[in-house]
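# Geometric and topological summary
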Amino acid sequence: MSDMVLFDYWRSSSSYRVRIALNLLGLSHTTVPVNLLKGEQWAPPNLARNPQGLVPTLRIDGHDFTQSLAIIEYLHEITPGSTLLPNDPSSRSQVRALAYAVAMEIHPICNLSVAAHVQTITGGGEVVRSAWMCKFIRDGLVAVEAMLKRLPVSPFCLGPAPTIADICLIPQIYNADRWGAETSDLTRIRSITAACQELPAFKAAYPHDASQPG
Ligand SMILES: N[C@@H](CCC(=O)N[C@@H](CS)C(=O)NCC(=O)O)C(=O)O
């Protein structure tokens, strides 16, 4: 049994992905918070484990793993019976395409540091930040909905169990709801979200600020 420590931030969607994957695979771990609002991501201890100055980092038996999708694929590979990626190469590619549409198209341009820079160079305030988030989250999710509609209907993104596509989608929906991006018309995404939210692994990973009571 490996010793696993997740360095994360409760509101980070990349961290949320890894929490879901660990739960789905039944991998017990401890969590160490890295407070992004206090700049702890740039402090030497975090840079030593994550040279990009980001979260999450998963420490396994003293070895540090970074980049949420690389972490999740590694966990999939070392866990017998994992269904986080389908066996069939074609389905595996479809699932990766959905995961990348979220993790590589939407997420990077909606990172807090990007949105903060937009505010700085436009001189705009909270209204600008919120408009930026809503536009790019909504546009990206509309494209994901179109991708999903080309696939056979299932409770999850593809197939009978959650995959890395669902693991990327659900934290992005959390963010969409947080910023008020309209998604109610994205019926396929909303039904997948409802199915995932029923599962204990997703429930347990839901963002919760451990420093606050309740
Ligand atoms: N592609 C990276 C993205 C990681 C990332 O952007 N993490 C954000 C939180 S979701 C972060 O650490 N931000 C710190 C900052 O912007 O200063 C991954 O999937 O791990």
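If you're wondering where the values come from, they're calculated on a predicted model, not measured in any experiment. (Residues numbered from 1 in each chain as written. Predicted model: local features only at pLDDT ≥ 70, side-chain atom pairs only at ≥ 80, totals over all residues. Heavy atoms only, no water.)

## What to know about the sheet that holds strand 1 (residues 4-8)
Ordered by their spatial adjacency, four strands build an open sheet running 2-1-3-4, and the pairing between neighbours is mixed. In the strand order of this sheet, the two ends are held by strand 2 (30-33) and strand 4 (63-66), each with one partner. Put simply, the sheet's adjacent strands are angled 25° from each other on average, direction ignored. As defined by bridge partners, strand 1 adjoins strand 3 (residues 57-60) across four bridges and the pair is classed as antiparallel. (Pairing = 2+ DSSP bridges. Helix = DSSP H or I, 4+ residues; strand = E, 2+ residues; numbered from the N terminus. Axes fitted to C-alpha atoms, helices over the stretch in contact; angles between N-to-C directions.)

## Overview of the domain arrangement of the protein
The assigned domain composition of the protein is domain 1 (4-82) and domain 2 (89-202). Using only C-alpha atoms to locate each centre, domain 1 and domain 2 end up separated by 20 Å. Domain 1 puts 13 residues into the contact, and the matching count from domain 2 is 15 residues. In total, domain 1 and domain 2 occlude about 1,600 Å² of area from one another, counting both sides; carbon and sulfur atoms represent 67% of this. There are one salt bridge connecting domain 1 and domain 2. Ionic pairing is found between Arg96 and Glu73, a salt bridge with its closest N-O pair at 3.0 Å. One can count six residue pairs in polar contact (both at pLDDT 80 or more) joining domain 1 with domain 2. The element best represented in the side of domain 1 that touches domain 2 is helix 1 (residues 13-24), accounting for eight residues. (Domains from an automatic or database assignment. Contact = heavy atoms within 4.5 Å. Buried area = accessible area lost by both parts, 1.4 Å probe. Salt bridge = Lys/Arg side-chain N within 4 Å of Asp/Glu carboxyl O. Polar contact = N/O pair within 3.5 Å; in protein donor to acceptor, adjacent residues only side chain to side chain.)

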